[in-house]
Amino acid sequence: GENVGLHLPTLSVQEGDNSIINCAYSNSASDYFIWYKQESGKGPQFIIDIRSNMDKRQGQRVTVLLNKTVKHLSLQIAATQPGDSAVYFCAENSGDSGYSTLTFGKGTMLLVSP
Amino acid sequence: NAGVTQTPKFRILKIGQSMTLQCTQDMNHNYMYWYRQDPGMGLKLIYYSVGAGITDKGEVPNGYNVSRSTTEDFPLRLELAAPSQTSVYFCASSYSQGVDSPLHFGNGTRLTVT
């Protein structure tokens, strides 16, 4: 919804630039991470995921990097487009009970100007 | 497929009123979830269900109730609305409990309690 963006860190980029969105996670035992995109007035959408036995995973125009040493996750979006404008948040899974143990981050708002 | 459908999109309640947020999915998913999203905060799990007739509490269940009489429907009930329940509510579903089975979200219900 529209209020999701309030109080969130914001990243402003020009169309065509590469964007990097960061996420610090809290639990060193987390073994699975997901990035979601949330457009205004809509529910979150799955973008890409990564397991803790990997440090990099690529999708279409997106790459997720995982640094377990410093508990940091990043989402790189190549050739950012106006349609990429949204709130992006990460989620970490620290239990073995599926989504009931998924912890969601607060998010970063990405603004892409033409 | 419509996916996950939530109604209503918006609602204003007075303190003490009750209401039911509707959620239905047409993907034959066994697992369904209710989350709330407050400005600048990550999604918080209210209740979830692993199949018809089975529900369980999430992280923030107080003030809410759920039922799951069919695979398709997972309504969320607020009995005595309080201002602290002002939020955007998202229903989601997944094929399996494993987090590598993506969560499908509805577009949310924005609730204001005054």
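The structure contained in this document is the topic of the report that follows. All values derive from a computational prediction rather than experimental measurement.

Quick look at the overall build of chain A
Inference 1: Assigned secondary structure in chain A consists of 0 helices and 10 strands.
Inference 2: Listed N to C, the secondary structure of chain A is β-β-β-β-β-β-β-β-β-β in terms of helices and strands.
Inference 3: The buried share of chain A, reckoned over its 114 residues, is 42%.
Inference 4: Across chain A, contacts joining residues at least 24 apart in sequence account for 55% of those joining residues at least 6 apart.
Inference 5: Working note: accessible area of chain A is about 5600 Å², and carbon and sulfur atoms make up 46% of it.

Brief notes about the interface of chain A and chain B
Inference 1: At the interface, 27 residues of chain A touch 24 residues of chain B.
Inference 2: At the surface where chain A touches chain B, the tally comes to 0 salt bridges.
Inference 3: At the junction of chain A and chain B, the tally comes to 2 residue pairs in polar contact (both at pLDDT 80 or more).
Inference 4: The element best represented in the side of chain A that touches chain B is strand β3 (residues 32-38) of chain A, accounting for 4 residues.
Inference 5: Residue classes in the side of chain A that touches chain B are distributed as 12 nonpolar, 11 polar and 4 charged.

Description of the state of the cysteines
Inference 1: For the structure on display, the rule yields 2 disulfides over all chains.
Inference 2: A disulfide bridge connects Cys23(A) with Cys90(A), and the sulfur atoms are separated by 1.6 Å. Here Cys90(A) lies in strand β8 (residues 86-93) and Cys23(A) lies in strand β2 (residues 19-24), a separation of 67 residues in the sequence.
Inference 3: Judged by its relative accessible area of 6%, Cys90(A) is buried.
Inference 4: Disulfide pairing places Cys23(B) opposite Cys91(B) at an S-S distance of 1.9 Å. Around the S-S axis, the bridge from Cys23(B) to Cys91(B) shows a dihedral of about -70 degrees and counts as left-handed. A residue pair is termed long-range when its members are at least 10 positions apart, and Cys23(B) in strand β3 (residues 19-25) and Cys91(B) in strand β9 (residues 87-94) qualify at 68 residues.
Inference 5: By relative accessible area, Cys23(B) is classed as buried at 2%.
Inference 6: Residue Cys91(B) is classed as buried on the basis of its relative accessible area, which comes to 0%.

What to know about the environment of Gln17(B)
Residue and element names in this part refer to chain B.
Inference 1: With respect to the secondary-structure elements, Gln17 resides in the loop between β2 (10-13) and β3.
Inference 2: Between the C-alpha atoms of Gln17 and Ser69, which are 52 residues apart in sequence, the distance is 24 Å.
Inference 3: Ignoring any residue separated from it by four or fewer positions in sequence, one finds Gln17 in contact with Leu78, Glu79, Leu80 and Ala81.

Thresholds, definitions, all that
Counting starts from 1 at the beginning of each chain's written sequence and moves along it residue by residue. Going through the entries in the order they are written, you letter the chains from A and number the ligands from 1. In keeping with the predicted nature of the model, local features appear solely for residues at pLDDT of at least 70, side-chain atom pairs appear and are counted solely at 80 or more, and the whole-chain, interface and lining totals rest on all residues. Excluding hydrogens and water, the side-chain values take into account all heavy atoms of the structure. Numbered from the N terminus, helices here are DSSP runs of H or I no shorter than four residues, and strands are runs of E no shorter than two. Only protein chains enter the area calculation, which uses a 1.4 Å probe; residues under 20% of their type maximum are buried, those over 50% are exposed, and those in between are partly exposed. Whether two residues are in contact is decided by their heavy atoms: any pair within 4.5 Å suffices. Under the convention used here, a 1.4 Å probe and the Shrake-Rupley method define accessible areas, while residue burial counts only the protein chains that appear. Should a side-chain nitrogen of Lys or Arg be within 4 Å of a carboxyl oxygen of Asp or Glu, the pair is scored as a salt bridge. Here a polar contact is recorded for every N or O atom pair within 3.5 Å, except that within protein the pair must consist of a potential hydrogen donor and a potential acceptor, and residues adjacent in sequence are included only if both atoms are side-chain atoms. In this count, Pro and Cys sit with the nonpolar residues alongside Ala, Val, Leu, Ile, Met, Phe, Trp and Tyr, while Asp, Glu, Lys and Arg are called charged and the others, Gly among them, polar. A pair of cysteine sulfur atoms is labelled a disulfide when the two atoms are within 2.5 Å.

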